[in-house]
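Okay, here's what each chain looks like letter by letter:
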Amino acid sequence: MSYQSGTDSDANRLAQTIGSNIQKITQYTAEIQRIVNQLGTPQDTTELRQQLQQKQQYVNQLAKETDRYMKEFGSFLPTAEQRQRKIQKDRLVGDFSNALAAFQKIQRQAAQKEKEFVARVRASSRVSGGLPDDGGLLSYESESQPQAQVQDDAIREEDLVLIKERETSIRQLESDIIGINEIFKDLGMMVHEQGDTIDSIEANVENAEIHVQSASRQLTRAAEYQSKSRKKICILIVVLSVLAVVIGLIIWFSLKK
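Worth saying up front: this structure is predicted, and the values here are computed from it rather than measured.

Scoring rules and cut-offs
Counting from 1, residues in each chain are numbered in the order their sequence is written. Local features are withheld for residues below a pLDDT of 70 in this predicted model, meaning they are given only at 70 or higher, and side-chain atom pairs are given and counted only at 80 or more; totals for whole chains, interfaces and linings count all residues. By convention in this description, side-chain values take in all heavy atoms of the structure and omit both hydrogens and water. Strands are runs of DSSP state E lasting at least two residues, helices are runs of H or I lasting at least four, and both sets are numbered from the N terminus onward. Accessibility here uses a 1.4 Å probe with only protein chains present; expressed as a share of the type maximum, an area under 20% marks a residue as buried, one over 50% as exposed, and anything in between as partly exposed. Contacts are assigned to residue pairs with any non-hydrogen atoms lying within 4.5 Å of each other. The protein chains shown are the only cover counted for residues, whose accessible areas, like all others here, come from Shrake-Rupley with a 1.4 Å probe. With a 1 Å grid spanning the protein atoms alone, the term cavity applies to any set of points in which a 1.4 Å probe fits but cannot get out, the term pocket to an open set with protein on both sides within 12 Å along at least five of seven lines, and the term lining residue to any residue with an atom within 4 Å of a point. Grid points are joined across faces, edges and corners, and a volume is the space filled by probe spheres set on the points. The classification used treats Ala, Val, Leu, Ile, Met, Phe, Trp, Tyr, Cys and Pro as nonpolar, Asp, Glu, Lys and Arg as charged, and all other residues, Gly among them, as polar.

Peer 1: Summarise the overall build of the protein chain; cite the residues concerned and give the values.
Peer 2: From N to C terminus, the protein chain includes five helices and zero strands. Ordering the α and β elements of the protein chain from the N terminus gives α-α-α-α-α. Classification of the 257 residues of the protein chain by burial places 30% in the buried group. A separation of at least 24 residues holds for 78% of the contacts in the protein chain among residues at least 6 apart in sequence. In the form shown here, the protein chain has an accessible surface area of approximately 16,900 Å², with 55% of it arising from carbon and sulfur atoms.

Peer 1: How would you summarise the layout of surface pockets if you had to cite specific residues and measurements?
Peer 2: Taken as a whole, the largest pocket encloses approximately 520 Å³ of empty space. Lining the largest pocket are 19 residues, with Arg-49, Gln-53, Glu-114, Glu-165 and Ser-169 sitting closest to its centre. At eight residues, helix H2 (residues 46–73) tops the list of elements feeding residues into the lining of the largest pocket. Its residues assigned to classes, the lining of the largest pocket shows four nonpolar, ten polar and five charged.

Peer 1: Which residues make up the side chain of Gln-56, and what values do they have?
Peer 2: Relative to the assigned elements, Gln-56 resides in helix H2. For Gln-56, a relative accessible area of 9% puts it in the buried group. Discounting residues that sit within four places of it in the chain, Gln-56 has contacts with Ile-32, Phe-103, Gln-107, Ala-110 and Leu-173.

Okay, here's the thing in structure tokens:
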């Protein structure tokens, strides 16, 4: 979905899409919290963890999409509605930030639980005592118990698989947390840049108003000056006319005598 025409209706639809995404992030975060609370309990199953992973991926996708929409929304700044648009964007940024903060908090909780799980497995499993630093399995403790040793090796392999799965999950969670931090930085930059833009626009508007008022005063003065000039010309014409009549009468009377 893209809003490139730049009309007010496009901006309003984009704002609605952003609001809808924020609501979805909030809703899925609550569901993720419920699942995270079950990690490490008897309800912790493979299916539960698959659901958790799917919901986390979906929220991360929504977060990136919403971040892109927020940047696009920042390009809609019609002069006539600049203050209203800024208020609307500030509200969306605040709601989006709160939703991301809640999601990131749950991600940190999930990562912590995974780390605790790995620590417990390492402590309880013979992998902890049977692995050298390079991760290889130790030799058999006793060659006189081959059947028991086979079972022990099987248990250790299962624990190794679990540990690797959890460590992969931890790395993904930490990567997601870093991604959310980048979105927070984008939001901070958007708010700062839009604030500068609004201030610049308002300064230009104020300067334009000052110039308009100055021009208006100059036009008023010019009109007054022109009016006074016309009055002076009219008076001068009348005076000259009267003077011409008087001179004419004087000449007429002189000739008559």
